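Read off the chains here:
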Amino acid sequence: MAGRNLCLLLAGAERCMVVHSVKWFEHTHGRFYKMLHLIIISLIAFVSGKPCDTEGSNNELLLTLNKNLLRSLETQEGLPNPSVHLALRLSNYHNLAKESEHLNKLKNHLHSDIQNSLSNSQSVVGLLALYTLALKSSCYDLNSVTFTVSENNENLLTHLKKQMEQEKEHIAINHRPLTNYYQYSLGVLALCISGVRVNNHVSNKIIKAVEHEHFKHGDAESTDTYAMAGMALQCVKDAGSHVHGADELQTALSKIKQKILAAQRTDGHIGNEFSTGLAVQALLAMGSQVDECAASMEAMRADARSNTYHNPMAISQTLPALQQKSYLTVKNKNCLHEDDTLVLEPIDPVVVTPSETNVALTVEVVTSSGAAAVYSLDVPKGSSLLEALQLLKGKNVGFTFETESSMWGPFLSLVNGEQARQSDRRYWHLSSNSTALSEGVSDFKIEAAQKIIITNKSY
Ligand code: B12
Ligand SMILES: *[C@@H]1O[C@H](CO)[C@@H](O)[C@H](O)[C@H]1NC(C)=O
């Protein structure tokens, strides 16, 4: 594929176009037509002063994301993050010392956290699966990892299989997993990647859920879940273990691909900014060519340039896709001859001074009974929603809240004394001026006057 750069001078600003491919097409009437098929992938504005080199600047962008992800290991409080580890290990560039240090943290701190959850009979299938994928991406011997639950010592994959069986039973009775289909799919993916033959009954639950369109995120369809299910089923297909029902498996895979493609917006995003990475990973895993994902890749690069992906979780799901990899790549990872050039330059600490300008914020809380309470306050422009809620709480006007920590950051769990719990299939839904937020309380920034509605919803 011959990539060639064309530089044009437009309105005084240097702009750069990439002529991505030049192809010959055969005309349907049997005659050959010479066609210059120019796919203009990107139109990058204002590269003034720099050479017109898109490949190079894309590479630099990926390197910046990669470094930010590596840096998050140092700044992140709480438990080591297996999703971040997985993405670092899938990258083309490494800092092997920092990665092995993080592997040790996973084996100690995350291990004991999972051990505790298992002892309390909690369903942690998604976390177990990510832990498995993270260890596997470092080529760590999974058989040597064990958990002791009520004096019984069994290995990681045995525990994962048992949790999947429990989830499967729960679906059979309640028509939904204990956790959710995203985690259930992660479980199938992790078992399959580790070379475990996934029971047909287990993968069939995904196939049935696809058929009945049960993948929801709140009220909307969950692109993230379709993507994870696609990678899981593709792995099962490649393993060749799903011999009975190969047709159903193929039908589900085709439907998933169709759902993902249908979720593509005109701006290239699939679902939203934060599902596009997983969606592209799934398309690549299911055999799409990189060219077919070009618009989505460019949408993600534009997001990365505008710092949309500052949450390490968001980078961890996006970076593999931008490097044309998917979680399926873990299966054949051998960890030999790896690059070791990724270094972190010291960065100047950014001093954030609160803005002088205030914006008017209205916060409405709608409890499960439908009762509404409305509060108004001024907050410094650029505050996070979390900071705004803390200000409101401090005013002692009857508003209270609590959060629980998760890999994506603080999850709003308790508002005005009312809990919205996973066990009751309820959550506090966030919206601004009637549009659902696509970020949580600590990532969403208040830049202009608006009304935030926090509603106790069932799902
Ligand atoms: C399932 C799911 C939910 C379920 C979780 C409960 C359940 N048992 O099913 C429900 C419906 C409650 C939910 C709610 C929300 N979600 Co949600 N959710 C997911 C999904 C599909 C899978 C999460 C998961 O199970 N991960 C696997 C486990 C192992 O990881 P985990 O981190 O331990 O999982 C827990 C947390 O992720 C937490 N959680 C779920 N969503 C969110 C969102 C935020 C901001 C936080 C802090 C935590 C959180 O619940 C998970 C289960 O306990 C992800 C998709 C993705 N790409 O990650 C989106 C996702 C994480 N959610 C997202 C969003 C935006 C929300 C909401 C803010 C939506 C809204 N407008 O209200 C709310 C959270 C509001 C709040 N109270 O703080 C975004 C986050 C993007 C971002 N930059 O922050 C994602 C990436 C989807 C997307 N593409 O937009 N979500
Ligand atoms: C929200 O709606 C209010 C009132 O209609 C409007 O003044 C404000 O600009 C809107 N804010 C945002 C961020 O859209």
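Look above for the structure.
Calculation notes
- Residues numbered from 1 in each chain as written.
- Chains lettered and ligands numbered in written order.
- Predicted model: local features only at pLDDT ≥ 70, side-chain atom pairs only at ≥ 80, totals over all residues.
- Heavy atoms only, no water.
- Helix = DSSP H or I, 4+ residues; strand = E, 2+ residues; numbered from the N terminus.
- Pairing = 2+ DSSP bridges.
- Contact = heavy atoms within 4.5 Å.
- Axes fitted to C-alpha atoms, helices over the stretch in contact; angles between N-to-C directions.
- Core = buried A, V, L, I, M, F, W, Y, C linked by side-chain atoms within 4.5 Å.
- Buried < 20%, exposed > 50% of the residue type's maximum accessible area, 1.4 Å probe, protein only.
- Donors = N, O, S within 2.8 Å, 3.2 Å for Na, K, Ca; no water.
- Tetrahedral: all angles 85-135°; square planar, octahedral: opposite > 155°, others 65-115°.
- Near = heavy atom within 4 Å.
- Polar contact = N/O pair within 3.5 Å; in protein donor to acceptor, adjacent residues only side chain to side chain.
- Nonpolar A, V, L, I, M, F, W, Y, C, P; charged D, E, K, R; others polar.
- Disulfide = S-S within 2.5 Å.

## Notes on the environment of Leu 261
Part 1 of the argument: In this fold, Leu 261 is placed in helix H9 (residues 246-262).
Part 2 of the argument: In sequence terms Leu 261 and Cys 293 are 32 residues apart; their C-alpha atoms lie 9.9 Å from each other.

## Points about the sheet that holds strand S15 (residues 418-419)
Part 1 of the argument: With antiparallel pairing, the three strands of this open sheet are ordered in space as S13-S14-S15. For this open sheet the edge positions go to strand S13 (401-406) and S15, each flanked by a neighbour on one side alone.
Part 2 of the argument: Sheet topology note: the S13/strand S14 (residues 409-415) ladder contains six bridges and is antiparallel. Looking at the pairing, Glu 402 lines up with Leu 414 of S14.
Part 3 of the argument: Along the sheet, helix H13 (residues 385-394) contacts S13 and S14; its crossing angle with S13, the most-contacted strand, is approximately 150°.

## Describing the environment of Ala 97
Part 1 of the argument: Looking at where Ala 97 falls in the secondary structure, it is placed in helix H3 (residues 96-119).
Part 2 of the argument: Separated by 243 residues in the primary sequence, Ala 97 and Asp 340 have C-alpha atoms spaced 8.6 Å apart.

## Some details on the nonpolar core
Part 1 of the argument: Ranked by size, the top nonpolar core spans 90 residues in total, and within it Ile 114, Tyr 131, Val 188, Leu 189, Ile 206 and Ile 260 carry the most contacts.
Part 2 of the argument: Not counting residues up to four positions away in its chain, the partners in contact with Ile 260 are Tyr 226, Ala 227, Ile 270, Ala 279, Ala 282, Leu 283 and Met 286.

## A few points about the coordination of the cobalt atom of ligand 1
Part 1 of the argument: One donor from the polypeptide reaches the cobalt atom of ligand 1: His 217 (NE2), at 2.3 Å.
Part 2 of the argument: Because the angles between the six donor atoms bound to the cobalt atom of ligand 1 fall within 84 to 175°, the donor set is best described as octahedral.
Part 3 of the argument: As for its position among the elements, His 217 is in strand S8 (residues 216-217).

## Notes on the site of ligand 1
Part 1 of the argument: Every one of the 32 residues lining ligand 1 counts as a neighbour, but His 217, Asp 224, Asn 272, Leu 430 and Leu 437 are closest to it.
Part 2 of the argument: Here a nitrogen atom of ligand 1 and a side-chain polar atom of Gln 317 are 2.9 Å apart.
Part 3 of the argument: One of the backbone nitrogen or oxygen atoms of Leu 437 is found 2.9 Å away from a nitrogen atom of ligand 1.
Part 4 of the argument: Secondary structure elements with two or more residues in the shell around ligand 1: helix H4 (125-137), helix H6 (181-193), S14 and strand S16 (426-432).
Part 5 of the argument: Among the residues forming the shell around ligand 1, the class breakdown is 14 nonpolar, 16 polar and two charged.

## Thoughts on the state of the cysteines
Part 1 of the argument: One pass over the full model with this rule turns up two disulfides.
Part 2 of the argument: Shown here is the disulfide that connects Cys 192 with Cys 235, its sulfur atoms set 2.1 Å apart. One disulfide, between Cys 192 and Cys 235, carries an S-S torsion of -95° and so falls in the left-handed class. Of this pair, Cys 192 sits in helix H6 while Cys 235 sits in helix H8 (residues 223-239), placing them 43 residues apart in sequence.
Part 3 of the argument: Since its relative accessible area comes to 4%, Cys 192 is described here as buried.
Part 4 of the argument: Take the cysteines of the chain that form disulfides and number them in order along the sequence; they join up as 1-4, 2-3.

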